Amino acid sequence: NFEILFAGRSNVGKSSVLKQITGKNVKVGKRPGVTLKPTHIRYSDLLLTDLPGFGFMSGVKDRKQDIVKDQIVRYIENNAERISLAVLVIDGATFLDIVQRWEERNEIPIDIEIFELFKELGIDTILAVNKTDKIGDGELDTTLDRICDKLEMLPPWKQWIDCVAPTCAKKGDLKSLKSLIRQRLHDVKRDDL
Ligand code: GDP
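Now for a quick tour of the structure. Keep in mind the model is a prediction, meaning the values are calculated, not measured. (Residues numbered from 1 in each chain as written. Predicted model: local features only at pLDDT ≥ 70, side-chain atom pairs only at ≥ 80, totals over all residues.)

**A look at the site of the ligand**
Logical step 1: Around the ligand, 18 residues are found, and the nearest of them are G13, K14, S15, S16 and K170.
Logical step 2: Take the shell around the ligand: its biggest share by element is three residues, from helix α1 (residues 14-22).
Logical step 3: Split into classes, the residues belonging to the shell around the ligand amount to four nonpolar, eight polar and six charged. (Near = placed C-beta within 6 Å. Helix = DSSP H or I, 4+ residues; strand = E, 2+ residues; numbered from the N terminus. Nonpolar A, V, L, I, M, F, W, Y, C, P; charged D, E, K, R; others polar.)

Laid out in C-alpha cells, this is it:
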C-alpha cells in the first residue's frame, strides 16, 4: 500500500487540494478543529490520509488546538514506517507572516515543527505552497525563496524543485504537485495518478 499523508494548518486549502487530486469531496460536514481523527480516502491503489487541520480555528479553544497537534504528532510517529510520502500544505500568502508572529513569541510554528518531524522520521516530504494566486506575480520567486529558507532549504527555491510544489487549488492548478507525486509513485513502479 502506498500511503500519502496530507498535513496542514486549517484553511490553507488542504481539502481543496485533495479534492482536485481525487475528484472526491473530502470535507463533508467537517467543521474545522472538530475532527480529531485522520480521514482515509481510497483513491485507486493509494491510501490518502487527511490529517486534521491544526493551528488557529475560530471558536475552538487553545487547549483543544494542543490536543489536535498532539494527535497529529502521535499519528505520524506511530505510522511513520508505513507512510510512503507526506504532503505538507501551506498557504503561501500568509505563511511568512504567521511564522514571524510565532517567532516573535519565541515559539516554533506548528508547520515547521511538523516538517522537521517528517525529516527526522525519514519521511519523504513534498511542500505544497498553495494559494499562489494571492501572491503578486513578481513576488512568487522571492516568496518561495523565503519560505524555503524558513524550512532550512537554502534558497533559491528552484534547487528544491523535487520537493516544493507551488499550487493554486482554487484554479485547479496542481500540475507540479501531481507530477511530483507521480514521480514518487514511478520510483516504486506505480501508475495511479
Ligand atoms: P482546509 O481547511 O485546509 O481544508 O481548506 P479548504 O480547502 O477548506 O479551503 C479554505 C478556503 O481557502 C476556502 O475558502 C477555499 O476556497 C480557499 N482556497 C483553497 N485553495 C485556494 C487557492 O489556491 N487560492 C485561493 N485564493 N483560495 C483558495
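That shown, we press on.
**Description of the pairing of strand β4 (residues 83-91)**
Logical step 1: Most of β4 sits out of view: eight of its nine residues are buried.
Logical step 2: Examined bridge by bridge, strand β1 (residues 2-8) and β4 share six bridges and lie parallel to one another. Of the residues in β4, the one forming a bridge with G8 is V89.
Logical step 3: Pairing analysis gives six bridges linking β4 to strand β5 (residues 125-130), with the strands arranged parallel. Its bridge partner being in β5, D91 is matched across the sheet by N130. (Buried ≥ 20, exposed ≤ 12 C-beta atoms within 10 Å, placed from the backbone. Pairing = 2+ DSSP bridges.)

**With respect to helix α2 (residues 62-79)**
Logical step 1: Taking 1.5 Å of rise per residue, 18 residues should cover 26 Å, and α2 covers 26 Å from first to last C-alpha, within 8% of that figure.
Logical step 2: If you check which residues of α2 are buried, you get V68, I72 and I76. Buried residues of α2, viewed axially, fall in a sector of 65°; they line one side. Among the exposed residues of α2, those oriented more than 90 degrees off its buried face are R63, D66, D70, R74, E77 and N78.
Logical step 3: Packed against the buried residues of α2 are β1 and α4 (110-120). (Expected span 1.5 Å × (residues − 1). Arc of directions from axis to C-beta. Contact = placed C-beta atoms within 7 Å.)

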